[in-house]
Structures are given as C-alpha cells and as structure tokens.
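Chain and residue survey
The lines below spell out each chain.
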Amino acid sequence: MSKLYDLTLRIQRTNSEDGKPRYQTYQLQAGPIMRFVDLLRMINDDQDPSLTWNSSCEHGQCGTCSMRINGRPMLACELLVENGVEMFNTTTFTLEPLQVATVVRDLVVDSDEAYERVNRVKPYIIDPLPPGKDGEEHQINPDQLELYVDATRCINCFCCASACISSHRTFLGPNAMLATIVRVLDSREQEKKERLKTIYSDQGVYRCHTSKACSHVCPKEIDVAHFIALAKKGFALE
Amino acid sequence: MKIDIDSTLRCDVLIIGAGGAALRCAAEIFEKRPDTSIISITKVTHPQKSHTSTAQGGLAAVDPKDPLDATIYHMFDTWKGSDCTADQNVVKTICESAWEQILWLENRGMHFSRNRDGRLSKRTFGGHTRNFGESSIYRAVFEADRTGKGIMDTSWGETLKKGIRFLNQTIGIELLIENKQCHGVIALKQKEGAFIKILSKATVIATGGSGQVYRVTTNCRQNTGDGLALVLQSGLPVMDPEAVQFHPTGIVGPGILASETLRSVGGILRNRDLEPFMIEYAPKMKELAPRDLVARAIESEIRGGRGIVNPDHDIAHVWIDLTHLPDEVHEKQIPEVSSFFKRYVNLDTKTDLCPVRPSNHYHMGGIPTNAWGEVEDKNREIIGGLYGAGECAAASFHGFNRLGTNSILELITMGSLVGNKVVDYLKTMPSAHHDLIPQSYQPRFHNYLNSSGKESIGTLRSRLRTVMTEQVSVFRTEDSISKAIDTIEDINDRALHTSITSSHLAMNQELVQRWELENLLLVAKSICYAARYRKESRGAHFRDDFSVRLDEFNHHSLVGIDDNGDCHLSRREIDMSLFEAGGEHSEKFDFIERSY
Ligand SMILES: Cc1cc2nc3c(=O)[nH]c(=O)nc-3n(C[C@H](O)[C@H](O)[C@H](O)COP(=O)(O)OP(=O)(O)OC[C@H]3O[C@@H](n4cnc5c(N)ncnc54)[C@H](O)[C@@H]3O)c2cc1C
Ligand code: SF4
Ligand code: SF4
Ligand code: FES
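The structure presented is a predicted model; accordingly, all values stated were derived computationally and were not measured. (Residues numbered from 1 in each chain as written. Chains lettered and ligands numbered in written order. Predicted model: local features only at pLDDT ≥ 70, side-chain atom pairs only at ≥ 80, totals over all residues. Heavy atoms only, no water.)

Here we come to the sheet that holds strand β4 (residues 72–75) of chain A. All names here are of chain A. In space, the five strands of this open sheet follow the order β2-β1-β5-β3-β4, with mixed pairing throughout. The open sheet has two edge strands, β2 (22–30) and β4, and neither has a second partner. Each adjacent strand pair in this sheet contributes to an overall mean axis angle of 35 degrees, direction not counted. Here strand β1 (residues 5–13) pairs with β2 via nine bridges, running antiparallel. Of the residues in β2, the one forming a bridge with Leu-9 is Tyr-26. Its contacts with the sheet place helix α2 (residues 81–88) against β1, β2, β3 (66–69), β4 and β5 (92–96), and it is angled at close to 80 degrees to β1. (Pairing = 2+ DSSP bridges. Helix = DSSP H or I, 4+ residues; strand = E, 2+ residues; numbered from the N terminus. Axes fitted to C-alpha atoms, helices over the stretch in contact; angles between N-to-C directions. Contact = heavy atoms within 4.5 Å.)

As structure tokens, this is what we get:
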C-alpha cells in the first residue's frame, strides 16, 4: 500500500462580488505522487466545486497553472505531494495567486493584463531579414544559437515576474526582457535600435537589482538573470 | 440571471481557437489582405497555452535539397500509415507544400535546431521511409523537444504584429447557421460571464482534439471536443470519429507522453511477473513493433490480469524497464523522458521500473471538410463561410492512423490553405453582416443553471471517461461498445440532475464543466456508433470480433446526431486521385497491405 498524506490546504479565495481576498482551509488525504493540480481537482469533485483555478497541458509545458505555494511561485502541475512535503517540510500548504495582475477569481489572475507587458516588447521579428535563396532557409551557426536558445525556452508562466520585486512596479519584468533579448541576438531581426531603446528605457533592465530571484524560481531552469546581466553589459559577448 | 446576449461584435473572420492551425490561418489572411478584421476566441487563458505548444518531436517535410528523399515517398508513407483511408488529393497538397511551410516559419523567427552548417537539422521517425518503405529516412525538422511551442510562438507573434483581436477564455457555444450559410457564433466570455454574439463573414473552427473523452490521455485539459460538438449540434456530421490513436506508453496516471525513444534505445516492457511479454506478440520486432501493435500487446497483458495497479491513480499499467541501460543512455539519449518520470512519478529510470500504459493521443476523425478546409454536410454540400482546420477537422490527411510529425505539418498547411480560401471568399461577400437569432444556447444554459439534483458533474465525467477507456479504446467488440453506449445514455439522463453551486456567471468553472460534459457525451456517442458500425479493423480502430481490414469498408464514416439523440450513419468515398492518375508509382496508392 502506498502511503497517504493528511494534507491541509489554505487557499486564498477572491470572488467577483466584493473582490476581497480571504482564506479557506481544506483537509484532504492524498497519495505521494498526486500533483497539486490533482489535489485541486479532488477538492472540486468532493468538497467544493466552486474553488476556481486553471490549468491546460498539466505537464509543465504551457505555464497556465502557476501559483504561489507557500509563497514560492511554481507550476501546480509539476509539484508532487511527497516532493512538496519534503521541500517545505510540512503538510500544510498555502496556495495563493501570482502577484502579476488583478485576481479574476480565487487562484486565477487576469492573464491578458499580465501579458500586456510582453506584448509591449513586440515578441516577434519587427523587421525580418529578407528570405534566403529560393527554397533555402537562413543559415544560423549552432554556436550562435546556443548563446540565446535558453531564453527561447520561456513559456510565459510569469513565475519570475511574480518573484521579481522590481517588476511589481514599472519594470516590464524578466520574461518580457527575455522576449526582446532573444531578438537582439537573433540575426534574422534587423530592427535592433528599437529593441535596445526598450531594454535601456526606464522600464528596462536598469530596474533590475540583480537579486536573481527570477533564475531561482523559473520552472524551466532558465538562468534569466544571466540574460539580463548580458543586456546590462551591452551584449558584450565573450 | 443574465443569459441574454450582452453585446454583438462584428468582424470579417472569426476563428474559434488560437492553436497552431488557427493562428497560421490568421497570419495567412493578414499577409494576403492586411486590412481584414479577425477575431480569434480561445478557451485557454492565452493563445500560447494552446495544446500545440506541447508537441515535442517534429514536423515532417521533404527538403528539396535532400538528394535521398522525395515528396512521393512522404505521400506513400502517409497513405500506407493511414491504412489506405486518407484522401489522396489532400495527401498530395499537404506533402507538396510542406517545405514552403517550414520556410515560412523559419523566415519569421522559429528557432529550429541547426546542424554544423547552420542548416535545419533533421531526425527520423517511425514510418518515415525512402523508396516506398525500403529504409528509414531523416525527414522531420524540429526545435529541440519543443517543436509545437516554436510554431505557437511564431504564429502568435505574427498575428499579434498584424493586429488580430484575441478574446481569451471565451468559448464558442453555438454556431449561427441558416440555409447552409454560417454567420458567426454565440460565445461566453468567461471572465466577465457575458454571452456575446460575434457576427462574421467567414468562420473557421480550429478547436483541436478531444482527448478528454478518455480517462488516460496525453491531451490537455481543454481538449473536450468542443468543435465536434458544435457541428453535431448544428445538425452536421462528423467524419471517422472511431479513428482514435492511442500511444502505447503514456506515463501512469497523468498520461504524459513517454516517447517511442524509450523503446528504440532498448527499453523492455514487462508485466506484473516481470516477464518481457513483447516476444509473445511480435517475436521479431518485439518492443520496436508499430505503435498500435505495442498498445494492443500492453492492453492484452492488462486484461489478462498481468498488469499492476498504481494505488494513487488507481489504474492498471505495465512496466518499462530501462535499468539495464548504461548511465550514458539515460543522460544523453533520453534525458527529457527520464526527467518526466522523475517529475511526475518520482522514479529514477536508472534504478526503478517505470509505469506506462496505452493513452489516448490523437483524433484522426473530425469535422468533414474538402481539400481546402470547407466544411461539408453529409451530402458533400459546402456550408458557406464555414471552415475547419487542425486536429478538429478531417480532410482527411491521416485516415485511420496518423504518422508521428504529420499532425503539426497538417496544422500549418491546412491553416494557410484555409486562409487563402477565406481571402477569396471575402471578395464575394457583401459588406453588411447577416444577423441571426440564436436557437439553442439559451434553453441549454438555462437548464444547466436551474436544474437541481444530487448528481455530480465531476463524477459523471469520470464515469464517461472510464467507460470509454475500458470499452472503446485499443480493443473494441460489439459487446463492449454497446456497454459504453448504455452507460452514455445513463449519464445523459443523470446529467439532467446536476446542479451548479454558484449562480454568478463570471469565471464560473462549474458551468463550463457542465457544458463540456455535454460535448464529451456527444463526441463519445459518435465514436461508439461509428465503431460499432465498422465491423472490421483498420488503423487505430481494432475490433476483436472482426480483426482484419475489409474492402467493403473502404470508405469514411459520417455520423450525425438528430434532435432526439439518434445517430445516423452514412459514408463518404475515399479520394483515390493519385492511384487513378495512373503512370509511374500509381500502383503504390492502391489499397495496399499495411505491414511493416
Ligand atoms: C504530448 C503531445 C505531443 C505531440 N507531439 C507531436 C509531434 O511531435 N508532431 C506532430 O505532428 N504532432 C504532435 N502532437 C499532436 C499535435 O500537437 C496536435 O494534433 C496539434 O497541436 C493540434 O493543433 P490545433 O491547432 O488543431 O489545436 P490546439 O493547438 O489544441 O488548439 C485548439 C484551440 O482551440 C481553442 N478552443 C477549443 N475549444 C474551444 C471553444 N469551444 N471555444 C473557443 N476556443 C476553443 C483552444 O483554447 C485552443 O486555442 C502531439 C500531441 C501531444 C498531446
Ligand atoms: S535579477 Fe533582476 S529581473 Fe531577476 S528577479 Fe531580481 S530584480 Fe527581477
Ligand atoms: S523565464 Fe521562466 S519563470 Fe519566467 S516566465 Fe519564462 S518560464 Fe516562467
Ligand atoms: S498546466 Fe501547463 S504548465 Fe501546468
């Protein structure tokens, strides 16, 4: 028989009527390899169908289920009960929405509002290099690609932005910075000036205090702070 | 309670969905006709959260610079893989324009993996061959293990750049169709809890898969077959719903995809008694046999009582044993899948046996369209202004079995074809919109909100998904399918006695789940009826009681459901234009045997 854990989940709830957050406590039993999204589903099925949360892929690829678990921004679909118990050394967990946008309801934040900062940096090629010869792709040396490929792995889960104190104010945020830094380094983007202007604006990298919280919480293990530091150095690549 | 229409929006093109197919289509329209107003509605919180973002392996396309490969080989592999049920006009169009699509993505910034020359790297996949099955070939381009994400990021960026309007967390709940002409959709904006009418000149359905019909699935939580339900509720048929692909090795219990690589690097499947059982089913190929055969072998072991039940997820599985492989294989060749086992079941592939079982993976069947994505009724007449693209549609490129890497190729190709068709269509359209009164959503949502009773939506949904996994998955028989149909009818009755705790419409997840339950039931029903009717085995559809393919079933199935809930079956012929064209190699496109 596999072990069962007696768990206490303290969940921040906000309804659309008064918009005031309060905490509700749920008790449940679950096996070691249940994920936090499974726990939320169990609460919906057995105790409280109105508890609102969100997920999509449920295997760490889309960044929909991000929330704060005992204060730490993480993906609820990636955290197993036994790992959570070990990581926080407790069977009581506080679940709260990310601090990146207005709460819509319970654990769901307004993602359009959060994404607005990413949209502002133009997450696409503004001025593309003309196509190669007929039927030919552009050539990009794999060593060149290696310099920025990690930054392309970002899934916009906003865990870093939630952990980054600077981005709670005017800073566009670590993930928005990654989206534009990639295109500074990508040879297929010709519009570098506008990108650099954003990066060095009063909403850009100089707002960052190098705390490295972003790299620490990123579920994709991207060294976000490294890329921000690179931009601060003016992209002086060794 | 306000379930009346809150407001009306107008646009040239409405796209239901914002996955790969949807956004490739929108981007094409903008490139050809920049001032088009396009609205894309999506169930997820943001387009990037669509299921396409999870596609890992790659994207098949014959590189014209490759001296060894040829488009005709790709066509042949697709035809053979489909168990001779793909439409050859569609196969030809998609395979021929594949490389152009790759260049489109590359030129717009997709971060494909590169070889030393800076050109696109390629990998090989099961079923990719040269010279009509002679030997395997490198045909799939990829972006590491996140090819789908690359497509999403690129096509989302392009549409954002061109000024698309996204309504996220907004679900399409009724198509506005009158006299074989579609004029838009009724949608529910979840955040606001507002029902809106969107009037459009052209409407594209690109809602993706239906994996949630099954209990164990590699598909995302939103894949409840909404698009299929939308057309069924409009009195239109779905095609080949019984053609559902199961991946042999989903990780128990979430059903996360553990790639074929596990078997190709030497992983051994073992049952409860730790016996390596593949030798009983495929003495020569063993673990390397094709997907469907391996899935059936695993399922047979489980049915024979030789599976293991995982106590947490309460579902039977077998083991994949990788413990005998050198550390280097774990670290260099299967790092991603190893990390999945670590992350989701806390097991170490180096020292532990890992639990896997067949999992629902892909729906070949879908909304019937012609080769340009125009939606058709059961008489093959076009519904004006209505298009389908991506996994929810069936043109059909995959027939009864999809080859790995052919789906995301189909998304972008059909997406762009539909885009071009829509641009032509808009030229013929008057500038005013035609307004229509919705017919069905109000009574339905009224019932969801006002019925009272003790039935739980979650429990009913689990019961449906379990019966489909147990009775209509890898193996099917007359009896098992009939059992599932009885259960579906019972759930249908019980669903009338569910209630919804909160009457507030804003972000009411229970209400959405109640609506999804109805979609799941409709899709499940169409799968069951078509599967019962098809008394043969073909591709992913395997009947224990009729285990071979029969010529009399060389056709597509069309299933419609009328207002009384009765199912009606009819047939659509398979397009054989490559075979009929005659000439060199045309004989390869006859009804050939699918043996590997
Ligand atoms: C784990 C995994 C790996 C895969 N790997 C590969 C691979 O390597 N190669 C390959 O070729 N294929 C692969 N596939 C298959 C492929 O990913 C899918 O078939 C494909 O992504 C489907 O794309 P789509 O655009 O049709 O739909 P999706 O990307 O699923 O998009 C559907 C869109 O419709 C929206 N939607 C749904 N219902 C509604 C509604 N009612 N109202 C409004 N919006 C709605 C959704 O929110 C979403 O935006 C894989 C699949 C899985 C599960
Ligand atoms: S290193 Fe900079 S960007 Fe990262 S969390 Fe700290 S302040 Fe924010
Ligand atoms: S950088 Fe990491 S933490 Fe930040 S949004 Fe991207 S994936 Fe999430
Ligand atoms: S649901 Fe996609 S990352 Fe968790």
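Below, the discussion takes up the site of ligand 2. Close to ligand 2 lie Cys164(A), Ser166(A), Phe171(A), Pro174(A), Cys208(A), His209(A), Thr210(A), Ser211(A), Lys212(A), Ala213(A), Cys214(A) and Ile228(A). When its residues are assigned to classes, the shell around ligand 2 shows seven nonpolar, four polar and one charged. (Near = heavy atom within 4 Å. Nonpolar A, V, L, I, M, F, W, Y, C, P; charged D, E, K, R; others polar.)

In this section: the environment of Ile315(B). All names here are of chain B. When you line up the elements, Ile-315 lands in strand β17 (residues 315–321). With relative accessibility at 9%, the residue Ile-315 sits in the buried group. For the pair formed by Ile-315 and Val-252, sequence separation is 63 residues and the distance between their alpha carbons is 7.6 Å. (Buried < 20%, exposed > 50% of the residue type's maximum accessible area, 1.4 Å probe, protein only.)

Let's shift gears to the site of ligand 1. Residue and element names in this part refer to chain B. Every one of the 40 residues lining ligand 1 counts as a neighbour, but Ser-50, Thr-52, Glu-391, Ser-407 and Ile-408 are closest to it. Interatomic distance of 2.9 Å between a side-chain N/O atom of Thr-42 and an oxygen atom of ligand 1. Calculation on ligand 1 without its partners gives an accessible area of 1000 Å², and the protein chains cover 98% of this total. Here the element with the most residues in the shell around ligand 1 is helix α11 (residues 406–427); it accounts for four residues. Residue classes in the shell around ligand 1 are distributed as 13 nonpolar, 23 polar and four charged. (Polar contact = N/O pair within 3.5 Å; in protein donor to acceptor, adjacent residues only side chain to side chain. Areas by Shrake-Rupley, 256 points an atom, 1.4 Å probe, with all protein chains shown as cover.)

To continue, consider the interface of chain A and chain B. Accessible area lost when the parts come together is the quantity often used to give the size of an interface. Each side of the interface is counted separately: chain A has 71 residues, and chain B has 61 residues. Counting the surface lost from both chain A and chain B, the interface buries some 5700 Å², and carbon and sulfur atoms represent 48% of this. The largest per-residue losses of area from chain A upon contact with chain B belong to Ile33(A), His59(A) and Glu137(A), which jointly make up 12% of the total buried on that side. In this structure, the connection of chain A to chain B is made through eight salt bridges. For Glu106(B), the salt bridge identified is with Arg188(A), shortest N-O distance 3.5 Å. In this assembly, chain A and chain B are joined by 46 residue pairs in polar contact (both at pLDDT 80 or more). Of all the elements in the fold, those that place two or more residues in the side of chain A that touches chain B are α1 (36–46), α2, β6 (103–105), α3 (111–120) and α4 (142–148) of chain A. (Buried area = accessible area lost by both parts, 1.4 Å probe. Salt bridge = Lys/Arg side-chain N within 4 Å of Asp/Glu carboxyl O.)

A word on the pairing of strand β21 (residues 382–388) of chain B. Within a regular beta strand, the side chains point alternately toward one face of the sheet and then the other, so they alternate between its two faces. Residues and elements named next belong to chain B. A large share of β21 lies buried, amounting to six of its seven residues. In terms of strand pairing, strand β11 (residues 194–205) meets β21 through three bridges, oriented parallel. Bridge pairing links Thr-203 to Leu-386 in β21. Pairing of strand β20 (residues 374–376) with β21 involves two bridges; the strand directions are antiparallel. Bridge pairing in β21 links Glu-376 to Ile-382. Where β20 folds back onto β21 in an antiparallel hairpin, the turn is made up of five residues, including Arg-380, whose phi is positive at roughly 65 degrees.

Let us now look at the packing of helix α3 (residues 88–107) of chain B against α11(B). All names here are of chain B. At their nearest, the axes of α3 and α11 sit 9 Å apart, and the two run at 90 degrees to each other. By the angle between their axes, α3 is roughly perpendicular relative to α11. On α11, the residues touching Thr-93, Ile-94, Ser-97, Ala-98, Gln-101 and Leu-105 of α3 are Leu-409, Glu-410, Ile-412, Thr-413, Met-414, Ser-416 and Leu-417. Of the residues assigned to the contact of α3 with α11, the class counts are seven nonpolar, five polar and one charged. (Parallel < 35°, antiparallel > 145°, perpendicular 65-115°, else oblique.)

Before going further, it helps to examine helix α15 (residues 509–533) of chain B. Residues and elements named next belong to chain B. Taking 1.5 Å of rise per residue, 25 residues should cover 36 Å, and α15 covers 36 Å from first to last C-alpha, within 8% of that figure. Burial of α15 is extensive: 22 of the 25 residues sit out of reach of the surface. Where α15 begins, the capping side chain belongs to Asn-508, and its oxygen is found 3.3 Å from the backbone nitrogen of Glu-510. (Expected span 1.5 Å × (residues − 1).)

Next up on the list: the domain arrangement of chain B. Residues and elements named next belong to chain B. The domain architecture assigned to chain B consists of domain 1 (248–361) and domain 2 (441–555). Placing the centre of domain 1 and that of domain 2 at their C-alpha centroids yields a distance of 28 Å. With eight residues of domain 1 at the contact, the number on the domain 2 side is six residues. Summed over both partners, the interface of domain 1 with domain 2 comes to about 610 Å²; 64% of that surface belongs to carbon and sulfur atoms. Of all residues in domain 1, the largest losses of buried area upon contact with domain 2 belong to Arg-296, Glu-299 and Arg-303, amounting jointly to 69% of the total for that side. Where domain 1 meets domain 2, there are one salt bridge. Linking Asp-544 and Arg-303 is a salt bridge whose minimum nitrogen-to-oxygen distance equals 3.3 Å. Between the two partners, domain 1 and domain 2, sit one residue pair in polar contact (both at pLDDT 80 or more). Elements with a minimum of two residues in the side of domain 1 that touches domain 2: α8 (291–306) and β18 (354–363). (Domains from an automatic or database assignment.)

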